[in-house]
Amino acid sequence: MPIKLPITRYYGSKRKLINQIWEEIEKLEIDFESVLDVFGGSAVFSYFAKKKEKTVYYNDIFKFNYLIGKLLIQENKNELTYEEAVALLKPKANKIYRSTIETHFDEIYFTKQENQTIDIFVQNIQDLSSENKKLSAFYLLFQSCIIKRPYNLFHRNNLSMRQNFTSGNFGNKKTWERSFEELFIRFIDELNNVTFENNKNNLAFNYPALNCPVTADLVYIDPPYLKKSGTNTSYHSKYHFLEGLAWYDEIFENINFSKKNNEIQIGKSIEFENINNFVSDLKQLLLIHSNSVIVLSYRNNGFPSIEDLVNLMKDCKPGMKIHTIDLGQYGYALNKDNGSNREFLIIGTNTLEN
Ligand SMILES: C[S@@+](CC[C@H](N)C(=O)[O-])C[C@H]1O[C@@H](n2cnc3c(N)ncnc32)[C@H](O)[C@@H]1O
């Protein structure tokens, strides 16, 4: 039976490749009981590993991702009902609400009414006593906010693009305009279907990769992809708004008003996001996990090159294998590179014969 995965629209998600990635890992024929997904993102690798009955450690630098990871990986069920979720969209009598999003993000990402709803919803989440319900409510909020955005991102203040979009059959327009109530139906249903228990002590963490104090038998490294040109939009700038919502009470003092999109500075870091430090960051990470099997995902045509990554892995691990995902080929495929985009797995093991 194919494993059903949560449907996220997260930039760089390995959802479409995870079956192939896992197949390659299984072909290594190594015994491993635990995995660390150190750049966890949408948690798709962690989720797959959880389904495969591993003990899973999810990690991501952003709290909003950590909350998603915690729900899908560390928790085993969804306790929030659709009715409870919808009730959180409405102001409660006698509660005084702040209007941080309505006031400071007018005409930037969402409509005025949507901004009001977001303000109310987050502050109602804060009052929930159940940790599980809080996580589920945040999950609904983050997924709905992502799905309502053109390109599913927050690096541009392009609400007008969504509103002025008129030309015919652009299916997303319909989704952008769906209400939170309507989107919640789908995401609650998804949560009820995908949450499960695998009887392991799975944990979620929220550290910069180089400070993550956890390791595992197998460490999956799927860092941000950097373009050679150096014109990179960081994960922080793509998702700062969601990170802000995860730290709602601290948004105001962290808004950079000099940016057109009022970027929220919380969680901003250059670790693995800067072309000048990427290689030394990666080397440090490989050395931290020198006792583990390491599976590194990266695309060609970026910085560093696959060849440089292979050499780095060889420097840090006795055994090394490379696999191109889309072509399903073993071997050192660099010579066949014809400029097309391919995903590579560079696997470092602790034994030469691997
Ligand atoms: C390529 S994405 C990972 C995608 C993930 N494998 C998936 O399938 O959704 C890279 C992730 O690294 C996170 N990240 C960026 N810098 C980080 C750092 N220094 N430490 C930990 N996570 C970081 C980003 O938030 C992003 O979620």
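1. Some details on the site of the ligand
Here comes step 1: By nearness alone, 24 residues border the ligand, and Tyr10, Ser42, Asp60, Ala209 and Asp222 come closest of all.
Here comes step 2: Here a nitrogen atom of the ligand and a backbone polar atom of Ile61 are 3.3 Å apart.
Here comes step 3: Out of a free accessible area of 600 Å², the ligand has 99% covered by protein chains.
Here comes step 4: Of the pockets mapped on this structure, the ligand occupies the largest pocket.

2. A few points about the nonpolar core
Here comes step 1: Counting 78 residues, the largest nonpolar core has Ile118, Phe241, Leu242 and Leu245 as the members making the most contacts within it.
Here comes step 2: With ten residues, helix α7 (residues 131-147) is the largest single contributor of residues to this core.
Here comes step 3: When we break this core down by domain, the ones giving at least three residues each are domain 1 (1-76 + 202-230 + 278-354) and domain 2 (79-195 + 233-272).
Here comes step 4: Aside from chain neighbours lying at most four places away, what touches Leu245 is Ile101, Ile118, Val122, Phe138, Leu141, Phe142, Cys145 and Ile251.
Here comes step 5: In terms of nonpolar packing, the next biggest core, distinct from the first, is built from 30 residues, Tyr57, Leu210, Val219 and Ile221 among them.

3. Quick notes on the domain arrangement of the chain
Here comes step 1: Domain assignment breaks the chain into domain 1 (1-76 + 202-230 + 278-354) and domain 2 (79-195 + 233-272).
Here comes step 2: The C-alpha-based centres of domain 1 and domain 2 are spaced at 28 Å.
Here comes step 3: Taken together, the 32 residues of domain 1 in the interface contact 31 residues of domain 2.
Here comes step 4: Interface area, domain 1 with domain 2, both sides summed: about 3000 Å², of which 67% is carbon and sulfur.
Here comes step 5: Broken down residue by residue, the surface that domain 1 buries against domain 2 is led by Arg9, Phe64 and Leu71, which jointly contribute 24%.
Here comes step 6: Our count for the contact surface shared by domain 1 and domain 2 stands at one salt bridge.
Here comes step 7: With a shortest N-O distance of 3.1 Å, Lys70 and Glu131 are connected by a salt bridge.
Here comes step 8: Linking domain 1 to domain 2 there are twelve residue pairs in polar contact (both at pLDDT 80 or more).
Here comes step 9: Every element with two or more residues in the side of domain 1 that touches domain 2 is listed here: α3 (63-74) and α12 (278-288).
Here comes step 10: Top contributing element to the side of domain 1 that touches domain 2 by residue count: α3, with seven residues.
Here comes step 11: Here the side of domain 1 that touches domain 2 is composed, by residue class, of 23 nonpolar, three polar and six charged.

4. Points about the pattern of salt bridges
Here comes step 1: Inspection of the entire model under this criterion finds 18 salt bridges.
Here comes step 2: Two residues, Lys133 and Glu84, come together in a salt bridge whose shortest N-O distance is 2.9 Å. Of this pair, Lys133 sits in helix α7 while Glu84 sits in helix α4 (residues 82-87), placing them 49 residues apart in sequence.
Here comes step 3: Residues Glu182 and Arg178 are paired through a salt bridge, measuring 3.1 Å at the closest nitrogen-oxygen approach.
Here comes step 4: Bridged by salt links that share partners, the residues Glu114, Lys148, Arg162, Lys173 and Glu177 form one connected network.

Calculation notes
Residues numbered from 1 in each chain as written. Predicted model: local features only at pLDDT ≥ 70, side-chain atom pairs only at ≥ 80, totals over all residues. Heavy atoms only, no water. Near = heavy atom within 4 Å. Polar contact = N/O pair within 3.5 Å; in protein donor to acceptor, adjacent residues only side chain to side chain. Areas by Shrake-Rupley, 256 points an atom, 1.4 Å probe, with all protein chains shown as cover. 1 Å grid on protein atoms, 1.4 Å probe; cavity = no way out; pocket = protein on both sides within 12 Å on 5 of 7 lines; lining within 4 Å. Sits in = over half its atoms within 2 Å of the grid points. Core = buried A, V, L, I, M, F, W, Y, C linked by side-chain atoms within 4.5 Å. Buried < 20%, exposed > 50% of the residue type's maximum accessible area, 1.4 Å probe, protein only. Helix = DSSP H or I, 4+ residues; strand = E, 2+ residues; numbered from the N terminus. Domains from an automatic or database assignment. Contact = heavy atoms within 4.5 Å. Buried area = accessible area lost by both parts, 1.4 Å probe. Salt bridge = Lys/Arg side-chain N within 4 Å of Asp/Glu carboxyl O. Nonpolar A, V, L, I, M, F, W, Y, C, P; charged D, E, K, R; others polar.

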